[in-house]
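Coordinate analysis (summary)
Here's the letter readout for the chains.
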Amino acid sequence: MKPRLTHQTRQETEATHHHEARGELEFETVEALLRHDAAQTPLPPEIARRLEAELAATPPARAPWWRRLFQR
Amino acid sequence: MALPPPAPPPPLPPTAPQGVGLDFAALYEAHARAIYYLALRLLGDSGRAEDAVHDVFLKAYRAQAGFRHAAEVRTWLYRIALNHCQNLLGSWQQRNIHPTATDELLERAGSGGESPLRACETRELGERIRQALDEIAPAYRILLLLVADEELGYDAIASLTSQTPDAVRGKLHRARKAFAAAFARTA
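This write-up is about the structure you can find in this document. Keep in mind it's a predicted model, so treat the numbers as computed, not measured.

Quick word on the overall build of chain B
- Along chain B, the regular secondary structure elements total 8 helices and 0 strands.
- In sequence order, the secondary structure elements of chain B are arranged as α-α-α-α-α-α-α-α.
- For chain B, buried positions account for 35% of its 187 residues.
- By sequence separation, contacts in chain B at least 24 residues apart represent 64% of the contacts at least 6 residues apart.

Written as structure tokens, this is what we have:
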């Protein structure tokens, strides 16, 4: 079963309608479709693990010289 | 069709060393998912999107000392992500590398958390969106992905895409039409 996209040219996003009885998703705007897709897309936890390892080995960033000058 | 429960939040990277003003763990928690989705749909491959998000946050971490707080953090991260993804796409184009949907499908099949049916349905919708986005002009693709983020205003999108808010609104109308037509063809 394929979700059906009903295109409308409204500027504002409309709500997404879920037609559970027909087992079909219907989206009133492209943005609603993409938001639904984004909500269904989990963030892989592996990224955080890799970042954690990398940041642990990364020295803290220094403020630029002009900012350090004004902070005195 | 019932919606699946939201995915559990990922573990957070450690809080960045203090002194430059950004709480990196909070920043990651608030924005990583949006950045990942942008990268996934721009690059068309989950493995490459993972690498891109990792690189984007690493760049953000290293560049945070130069971050101007006048700009929204989310817009700043989007700018880094867009530049990074566009550079990757440019270099792949030069080397004729095309991520394959099949690789991504196999990769995801191994990740638990969803029933096979739900995975299949989610996969199908995501694949159709990927195909439709691939068919439309890159400028439209970026515009739609940015506008889909409710936390980004037209001014931020205009700034990210180097055009006026009015131009964004005008192009958005055409982008929606192009996407809808392309999406219909994937059915």
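Overview of the nonpolar core
- Membership of the largest hydrophobic core comes to 58 residues, with the highest contact counts inside it found for B:Ile35, B:Ala39, B:Val53 and B:Leu144.
- Top element by residues in this core is helix H1 (residues 24-43) of chain B. It accounts for 13 residues.
- Beyond its immediate stretch of four places on either side in the chain, B:Leu144 contacts A:Val30, A:Leu34, B:Ala175 and B:Phe179.

Notes on the packing of H1(B) against helix H2 (residues 46-63) of chain B
All names here are of chain B.
- With their axes 9 Å apart at the nearest point, H1 and H2 run at an angle of 140° to one another. Here H1 is positioned oblique relative to H2, judged by the angle of their axes. Relative to H2, H1 is oriented so that their crossing is right-handed. Together, Phe24, Tyr28, Ala32, Ile35, Tyr36, Ala39, Leu40 and Leu43 of H1 and Ser46, Arg48, Ala49, Ala52, Val53, Val56, Phe57 and Tyr61 of H2 make up the contact between the two elements.
- Residue composition of the contact of H1 with H2, grouped by class: 14 nonpolar, 1 polar and 1 charged.

Rules behind the numbers
Here the residue numbering is sequential within each chain, running from 1 through the sequence in written order. Labels follow written order: the first chain is A, the first ligand is 1, and so on. At least 70 in pLDDT is required for a residue's local features to be given in this predicted model, at least 80 for side-chain atom pairs to be given and counted, and no such filter applies to totals for whole chains, interfaces and linings, which use all residues. Segments assigned H or I by DSSP are reported as helices when at least four residues long, segments assigned E as strands when at least two residues long, and all are numbered from the N terminus. Three exposure classes are used, all based on how many other C-beta atoms lie within 10 Å of a residue's own C-beta (placed from the backbone): buried at 20 or more, exposed at 12 or fewer, and partly exposed between those limits. The contact criterion used is a C-beta to C-beta distance within 7 Å, with each C-beta placed from the backbone. By convention in this section, buried Ala, Val, Leu, Ile, Met, Phe, Trp, Tyr and Cys residues joined through C-beta atoms within 7 Å make up a nonpolar core. Working convention: axes come from line fits to C-alpha atoms, limited for helices to the stretch in contact. Angles between N-to-C directions cover 0 to 180 degrees. Our angle categories are set so that under 35 degrees counts as roughly parallel, over 145 as roughly antiparallel, 65 to 115 as roughly perpendicular, and the remainder as oblique. Left-handed describes a crossing whose near helix is turned anticlockwise from the far helix by less than a right angle; the clockwise case is right-handed. Each residue gets one of three labels, nonpolar for Ala, Val, Leu, Ile, Met, Phe, Trp, Tyr, Cys and Pro, charged for Asp, Glu, Lys and Arg, and polar for the others, Gly among them.

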